[in-house]
Amino acid sequence: LAGAAVGIYIMWRPLIVALCSATGALRVGPRSLAHGAVRRAAAAVSVATDTGFGSAPMPDDLNLLETLLYDAVQREDYAAAAELRDRIGWLSGARGGDTDWRELGLPEWLSDWLGRLGYSWGTRVQVQALRGLTEISGGQTRHRDAAIVAPTGSGKTLAYLLPLLRRFSEDLLQEDLSRHLATAIDGGRTDRTATPDAMPRPVAMIVVPSRELGVQVSLLAYRLLGGSAGNPTLQPFSHPSRYQPGNAANMFTYSGPRRVKVAGLWDEQMLYAAAHQDLLKDVHLLVGTPEHLARVATSGNLRLHQLQALVIDEADVCLPMEATSQLMRRLEEACGAFAVPRPQLLLAGASISASHVEQAARRGGVQAPLL
């Protein structure tokens, strides 16, 4: 398949299909994709000056070019941005930055908030993820399994967070409204946990290989849900004001759900909080490392059967871990015990190869998946 130089694999058993670069070269090597892209990015950035790229050759990778375009706009280097925009247009037949978030199916509140956060348009991998991860056929909506492969810095985290927020937006807003109405009817005394129409939780779980990446993912999710960089608490423990995004600071600019709880699980302190301080109580989105997620899942403090989506970030690192195998086995057991379908599975990373996808398939993690 000819397409952008970004790897959203479409996995169909027993066949594995992959999006290729415009040159037709298959780009699923475990090292060449990530390291080659990084080298090209470094080279492109090194020749970008206040007067643009000058005589230096520009890369042909659309996903990389859009990443560099974002960077140029943020630096207010509009000469370089114009050259990048024209290069993107020449390669793709469409000007960079013309794709509106609303055209990609994002709800109004999220489209508006992304603009306020400085995300004016989607990168190649984000656009393809939003277009490909949900399929509507015969009135039925199917959320497809996928492997998202793109260079570091290309926006992979948003590429999986945005489809998840789009998928759960209506339910989160309804939960928010139901809680507000129930509280008003009860004179402000209604218990949050007993709110009608509450979603089963956790809704989604993101597996990351390290605490550092977990912090980055959690903070980005927090900001997308109305939080600010000045008041996040990733270990909320008991006080709602320490984790609830969407507060008085943005009451006139943020119109999305205001009580979505994001929590992280990546060290011993958080494990203790999960066991003894209700860290996981009412969590909508849980981010954690394989080791700590597997331990809390084994202890029974994590309702895996209620998951609707599972993301494994840096899948090439996480999948070989024994803790990931334990977590996947526990998930399969939980879904079987409650006779519920397994959650949507998304793999993300810069160096995911076909063998990693096959490894996930052998464990039962992917079924009739879209790559």
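See the structure above.
Predicted model only: the values in this text are computed from it and were never measured. (Residues numbered from 1 in each chain as written. Predicted model: local features only at pLDDT ≥ 70, side-chain atom pairs only at ≥ 80, totals over all residues. Heavy atoms only, no water.)

Asks: Before we go on, may I ask you to explain the packing of aromatic side chains in this structure?
Replies: For any pair of aromatic rings, the description rests on two quantities: the centre-to-centre distance and the angle between the ring planes. All chains considered together, the criterion is met by 2 aromatic pairs. Ring centres 5.8 Å apart and planes at 80 degrees place the aromatic pair W109 and Y254 in the edge-to-face group. Of the two residues, W109 sits in helix α4 (residues 108-116) while Y254 sits in the loop between α7 (211-224) and β7 (262-265), which places them 145 residues apart along the sequence. For the pair W109 and Y254, one class covers both residues: buried. When the ring of W113 is compared with that of Y254, the centres are 5.1 Å apart and the planes differ by 70 degrees; the resulting orientation is edge-to-face. With W113 in helix α4 and Y254 in the loop between α7 and β7, this pair connects stretches of sequence that are 141 residues apart. An identical accessibility class is assigned to W113 and Y254; each is buried. Aromatic ring contacts, followed pair by pair, group W109, W113 and Y254 into a single cluster. (Phe/Tyr/Trp six-rings, centres within 6.5 Å; stacked < 30°, edge-to-face > 60°. Helix = DSSP H or I, 4+ residues; strand = E, 2+ residues; numbered from the N terminus. Buried < 20%, exposed > 50% of the residue type's maximum accessible area, 1.4 Å probe, protein only.)

Asks: Explanation requested: the pattern of salt bridges in the structure shown.
Replies: Opposite charge on two side chains allows them to pair when their charged atoms are near. The final tally for this structure, using the stated rule, is 16 salt bridges. Here E108 makes a salt bridge to R102, at a shortest N to O gap of 2.9 Å. Salt-bridge contacts for R201 lead to D282; the nearest nitrogen and oxygen are separated by 3.0 Å. Of this pair, R201 sits in the loop between α6 (156-185) and β6 (204-207) while D282 sits in the loop between α8 (268-276) and β8 (285-288), and the two are 81 residues apart along the sequence. The same class applies to R201 as to D282, namely buried. (Salt bridge = Lys/Arg side-chain N within 4 Å of Asp/Glu carboxyl O.)

Asks: What exactly am I supposed to notice about helix α12 (residues 354-362) here?
Replies: One full turn of an α-helix is made of 3.6 residues, so residues set three or four places apart face in the same direction. Of the residues making up α12, those classed as buried are H356, V357, Q359 and A360. Seen end-on, α12 carries its buried residues on one side only, within an arc spanning 155 degrees. (Arc of directions from axis to C-beta.)

Asks: When you look at the pairing of strand β10 (residues 344-349) in this model, what are you seeing that I'm missing?
Replies: Remember that side chains alternate between the two faces of the sheet whenever the strand is regular. With 6 of 6 residues buried, β10 lies mostly within the body of the structure. Side chains of β10 alternate between two faces, with Q344, L346 and A348 and L345, L347 and G349 buried alike. Bridge count between strand β5 (residues 146-149) and β10: 4 bridges; the pairing is parallel. Directly across from I148, in β10, lies its bridge partner A348. Relative to β10, strand β9 (residues 309-313) runs parallel, the two sharing 5 bridges. Each bridged residue has a counterpart across the sheet, and for V311 the counterpart in β10 is L346. (Pairing = 2+ DSSP bridges.)

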